[in-house]
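# Descriptive structure summary
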Amino acid sequence: MLTLSGVGKSFGGTVALTDIDLTVETGKVHAFVGENGAGKSTLGKLIVGVHSLSEGRMEVDGTEVSFTSPAQALDHGLAGISQELSLMPQRTVLDNIALGREVMRGPFINARATRRGVEAVMERYAMHVDPDARVGDLPIVEQQKVEILRALSRDARLIVFDEPTARLPSDQVAPLLALVRSLADAGKAVIYVSHFLEEILEATDTVTILRNGRHIRTGPTANETHDSLVEGVTGSVLGEQYPEVAAPDRAAPPVISVTGLSRPGVFENVSFDIHPGEIVGLAGLVGSGRSEIARAILGADPSRGKITFNGREISGSIAARLAGGMAMIPENRREQGLMMGRPIVENVTLPHLSRFSGALGLDRRRERAAADAHCAATEMKYASLNDHADALSGGNQQKILFARTTLGDPALLIADEPTRGVDVGAKRSIYDLIAGLAKQGKAILLISSEIEEILGLSHRVLVVSRGRIAGELEGAALTETALMTAAFSGT
Ligand SMILES: Nc1ncnc2c1ncn2[C@@H]1O[C@H](COP(=O)(O)OP(=O)(O)OP(=O)(O)O)[C@@H](O)[C@H]1O
Ligand SMILES: [Mg+2]
């Protein structure tokens, strides 16, 4: 359906893609995989008209096309489901789907016919969302459906999904994959970008590997394995996935002690200690209260109970706790204050500037050296620290936040889903960073929906079920089965 030949894309001096030849077929789910910055999103955006080609040609059903806007691409049946959803949150589902496509009666909108049209599309693809709900009130999954319905109601024949599951709770992943499959079965061409190799292997038909803006190979997914994808993506065979973690110092007083922490209706009577050098995993199903417990420890939400940090009971504001040595890498990193139009260096050092100021003012050289070191440790890919954050790929933007957090030298690091959106090679770097902080005597609270990640890194795991600690596992007792059993115990 879609053919690219010799396609290239540059942004100023940055070459994002070179010499891409590719065919995308109707009725198939076609994956794009690659490291952060490999060019996946850029390729998707060329196809759906967000960017225009710097080189090469693109054909839809054998006819050459060139777009200067997403609207033009949509006229040819090409639509994108972006990661930053592009809906109007204050308007209804119906408005969002029908806007600009209302059925008219003379100069007037025929509301009833418009609604019938939208309902017919929902019916046809068995995708139902309350037409009168306000989009901003809906969970992400439903909002994604609205975006898909909007594309379908405009007769999209190819839909690009860019990391659609990165922001989804884990129990919503399977339904989304089923939806993607049903679109292909309905005769659509689907492009699917993801860092979750299991999703790629399970849910796609064809896979294209990109590396450094180049096309490495395209072939049937059935011919690939987890290891062959890793090798294709990174260009080398990956060693051990997890670093050795040193034993914690349990004789030393705990860095943090939480006693009887409660927030009515959310979690209850949560108590635990984390000792210097200890990585404690907080596991549990989505909605069990993991992130909420973390937010309460940080002072982002009110709670009852006692928190002792560095030997002192604390009750202050979030700002006071951050200044006192707590840090959090939050789950929703997109909303966590990246200054998109500012240089990387400022984004990394801004909250920590006092560390670089002396009698003579700000020591710019030390500031840059520190930013550089912390960025390098995340394997962030950038040309210069002066590049603006919005010139980086999505995964590399997340690494800016990671570097900012580690630069603060926190005594307690709360890492909520720290490797979301990060490629397979860089995951190991982030694990190394976490293990390294533990080795320096920091306390780590690790929240993750990836069980392997929790098992691979934690000294000890607390399993949360319905707002209570349903189990504490360590040593030989720390197994996937034990963890899942505890996670489901309260449900
Ligand atoms: N608007 C832009 N201005 C300048 N450079 C850009 C812009 N958008 C992307 N790039 C550059 O193009 C390259 C490819 O970025 P792209 O966003 O396509 O990567 P990606 O494969 O989607 O990565 P990720 O997995 O991190 O989302 C990167 O080097 C990035 O810095
Ligand atoms: Mg991307």
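Refer to the structure presented above.
Anyway, here's the lowdown on the structure attached to this text. (Residues numbered from 1 in each chain as written. Chains lettered and ligands numbered in written order. Predicted model: local features only at pLDDT ≥ 70, side-chain atom pairs only at ≥ 80, totals over all residues. Heavy atoms only, no water.)

## Looking at the side chain of Glu367
Where we set the bar: Note on conventions: DSSP H or I runs of at least 4 residues are helices, E runs of at least 2 residues are strands, and numbering of each starts at the N terminus. Only protein chains enter the area calculation, which uses a 1.4 Å probe; residues under 20% of their type maximum are buried, those over 50% are exposed, and those in between are partly exposed. Any N or O atom pair separated by 3.5 Å or less is treated as a polar contact, with the protein-specific requirement of one donor-capable and one acceptor-capable atom, and with residues adjacent in sequence counted only for side-chain atom pairs. Contacts were defined at the residue level, with two residues in contact if any of their heavy atoms lie within 4.5 Å.
Counting through the fold element by element, Glu367 comes out in helix H12 (residues 364-377). The class for Glu367 is buried, based on a relative accessible area of 3%. Only 2.5 Å separates the side chain of Glu367 from the side chain of Thr349, close enough to count as a polar contact. Filtering out sequence-adjacent residues up to four positions away, Glu367 remains in contact with Val345, Thr349, Leu353, Phe356 and Leu362.

## Examining the environment of Val464
Note on placement: Val464 falls in strand E23 (residues 460-465). According to the relative accessible area criterion, Val464 is buried, its value standing at 0%. Along the primary structure Val464 and Ala415 are separated by 49 residues, whereas in three dimensions their C-alpha atoms are 16 Å apart.

## Side note on helix H4 (residues 111-124)
Basically, it comes down to this: One less than the residue count of a helix, multiplied by 1.5 Å, gives the span that helix is expected to have.
Taking 1.5 Å per residue as the helical rise, H4 with its 14 residues ought to reach 20 Å, and the 20 Å between its terminal C-alpha atoms agrees with that figure. The complete set of buried residues in H4 reads Ala113, Thr114, Val118, Val121 and Met122. Those residues of H4 hidden inside the fold are in contact with helix H3 (93-98), strand E8 (108-109) and helix H5 (140-153). Of the residues flanking the end of H4, it is Ala126, one or two places downstream, whose phi is positive at about 50 degrees.

## Structural notes on the site of ligand 1
Which entries qualify depends on this criterion: We define proximity as follows: a residue is near a molecule or strand when any one of its heavy atoms falls within 4 Å of that partner. For every accessible area listed, the method is Shrake-Rupley and the probe measures 1.4 Å; residues are considered covered only by the protein chains on display. Residue polarity is assigned by list, with Asp, Glu, Lys and Arg as charged and Ala, Val, Leu, Ile, Met, Phe, Trp, Tyr, Cys and Pro as nonpolar; anything else, Gly included, falls into the polar class. Note: domain ranges come from an automatic or database domain assignment.
In the region of ligand 1, 18 residues are neighbours, and Lys40, Thr42, Ala391, Ser393 and Gly395 sit closest. At a separation of 2.5 Å, an oxygen atom of ligand 1 approaches a polar backbone atom of Ala391. Contact distances for ligand 1 include 2.7 Å between an oxygen atom and a backbone N or O atom of Gly395. In the complex, 83% of the free accessible area of ligand 1, which totals 640 Å², lies under the protein chains. Split into classes, the residues belonging to the shell around ligand 1 amount to 5 nonpolar, 10 polar and 3 charged. Each of domain 1 (2-234) and domain 2 (256-489) accounts for three or more of the residues forming the shell around ligand 1.

## Description of the sheet that holds strand E9 (residues 158-162)
Selection criterion: Strand pairing follows a simple DSSP-based rule, namely that at least 2 bridges must link the two strands. Lines are fitted to the C-alpha atoms to define the axes, a helix being fitted only along its stretch in contact, and any angle between axes, read from their N-to-C directions, falls within 0 to 180 degrees.
Taken in spatial order, the 6 strands of this open sheet run E6-E9-E10-E3-E11-E12, and their pairing is mixed. In this open sheet, the two strands that pair with only one neighbour each are strand E6 (78-81) and strand E12 (214-220). Recorded for the sheet is a direction-independent mean angle of 20 degrees between the axes of neighbouring strands. Summarising the sheet, E9 and strand E10 (residues 189-193) pair through 5 bridges and their orientation is parallel. For Phe161, the partnering residue across the bridge sits in E10 and is Tyr192. Here helix H1 (residues 40-47) sits on the sheet in contact with strand E3 (29-33), E6, E9, E10 and strand E11 (206-211), set at roughly 135 degrees to E3. The sheet strands contacting helix H8 (residues 226-234) are E3, E11 and E12, and the helix crosses E11 at an angle near 35 degrees.

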